[in-house]
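# Geometric and topological summary
Here is how the chains run, residue by residue.
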Amino acid sequence: MTRYAFAERLALADLMAEVGPDAPTLCGDWTVRALLAHLLLRERRFDAAPGILIKRLADRTAAVQQRIAARNFDTLLAELRRPPRWSPAGFGPLDELINLTEMFVHHEDVRRAAADWTPRKLEPGLSEALWGQVRRRAPLLLRRYPVQVRVISPGHGTVTTGRAGTQPLNLTGTPSELLMFLTGRQGHARASLDGPPELTSRLRGARLGI
């Protein structure tokens, strides 16, 4: 099988090396160095990773991430390129399931932080793999939104989620742009949203993601 998650990992590492540790990202005030530390913590520090999702553990996670970020930048990049043997990255199907969205979205977080970014032309296989991620994740990522949303990617399919019986919104785009939108990058995703203005505005400003 094609290792899209691993290819995105390597492309992200190359881009981080190119733009440097102090370049901005779409992850709030995180620089490339901070984002890189987050990725390594997630993959290598299972003792501290729960704080990514659990608020009461967030202080420990932040402290560990800061210690990782203080290390040599080139060393950190080398660790991103070569995940540990026991990582899911060593098992193709599991790597695609767990890491494809993480690596693709954070690759775009670095790319799209530049003022002159343009969408990549993705190979059909990668687009289809990203649609699989959208299809599986949309119900979870839109779970807090109180109306029905049809997530539409021409040539790939449609996922309907949200509250049945309400007037639906149509969110339309390529799989890559839908994934960026659904992971909280609405302002940096080239996806169209059609429906009542007050509801589309609310979704564009909603806090999406896990």
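All of the points below concern the structure found in this document. (Residues numbered from 1 in each chain as written. Predicted model: local features only at pLDDT ≥ 70, side-chain atom pairs only at ≥ 80, totals over all residues. Heavy atoms only, no water.)

## So, the nonpolar core
Cut-off, in case you're wondering: Among buried residues, those of type Ala, Val, Leu, Ile, Met, Phe, Trp, Tyr and Cys that are joined through side-chain atoms within 4.5 Å constitute a nonpolar core. Each residue gets one of three labels from its accessible area relative to the maximum for its type: buried under 20%, exposed over 50%, partly exposed in between, using a 1.4 Å probe on protein chains only. The numbering of helices and of strands both runs from the N terminus, where a helix is a DSSP run of H or I of at least 4 residues and a strand a run of E of at least 2. Throughout, a residue-residue contact means that at least one pair of heavy atoms, one from each residue, lies within 4.5 Å.
Membership of the largest hydrophobic core comes to 31 residues, with the highest contact counts inside it found for Val151, Leu171, Phe181, Leu182 and Leu203. Among the elements of the structure, helix H1 (4–19), helix H5 (92–111), helix H6 (124–141), strand S1 (149–153), strand S3 (169–172), helix H7 (175–182) and helix H8 (197–204) are those that each provide at least two residues to this core. If we ignore the near neighbours within four places in the chain, the residues touching Phe181 are Leu171, Gln186, Ala189, Ala191, Leu193, Leu203, Arg204 and Leu208.

## A word on the environment of Asn72
Selection criterion: Each polar contact in these results corresponds to two N or O atoms within 3.5 Å; when the atoms are within protein, one needs to be able to donate a hydrogen and the other to accept it, and residues that are neighboring in sequence are counted only if both atoms are side-chain atoms.
Along the polypeptide, Asn72 turns up in the loop between helix H3 (58–69) and helix H4 (73–81). Judged by its relative accessible area of 47%, Asn72 is partly exposed. Separated by 39 residues in the primary sequence, Asn72 and Arg33 have C-alpha atoms spaced 9.9 Å apart. Looking at Asn72, its side chain comes within polar contact range of the main-chain nitrogen of Thr75, at 2.9 Å.

## Let's talk about helix H2 (residues 32–44)
What counts here: One fewer than the residue count of a helix, multiplied by 1.5 Å, yields its expected span.
Over its 13 residues, H2 extends 18 Å from the first C-alpha to the last, a length consistent with the 18 Å expected when each residue adds 1.5 Å. Of all the 13 residues making up H2, 11 are buried; the element is thus mostly covered by neighbouring parts of the structure. Among the residues of H2, those classed as buried are Val32, Ala34, Leu35, Leu36, Ala37, His38, Leu39, Leu40, Leu41, Arg42 and Glu43. Considering only its buried residues, H2 is in contact with H1, H3, H4 and H5.

## Description of empty space enclosed by the protein
Rules: Cavity and pocket criteria rest on a 1 Å grid covering protein atoms alone: a 1.4 Å probe that fits but cannot get out defines a cavity, protein on both sides within 12 Å along at least 5 of 7 lines defines an open pocket, and an atom within 4 Å of a point defines a lining residue. Grid points are joined across faces, edges and corners, and a volume is the space filled by probe spheres set on the points. Ten residues, namely Ala, Val, Leu, Ile, Met, Phe, Trp, Tyr, Cys and Pro, are considered nonpolar, four, namely Asp, Glu, Lys and Arg, are considered charged, and the remaining ones, Gly among them, are considered polar.
Tallied over the full model, the rule gives 1 cavity of 30 Å³ or more. Estimates place the volume of the largest cavity at around 40 Å³. Phe104, Glu108, Arg111, Arg112, Pro119, Arg120, Leu122, Ser176 and Glu177 are the residues that line the largest cavity. Taken together, the elements giving at least two residues each to the lining of the largest cavity come down to H5 and H7. Take the lining of the largest cavity: its biggest share by element is 3 residues, from H5. Taken together, the residues that form the lining of the largest cavity break down as 3 nonpolar, 1 polar and 5 charged.

Coordinates in, geometry out; function isn't part of it.
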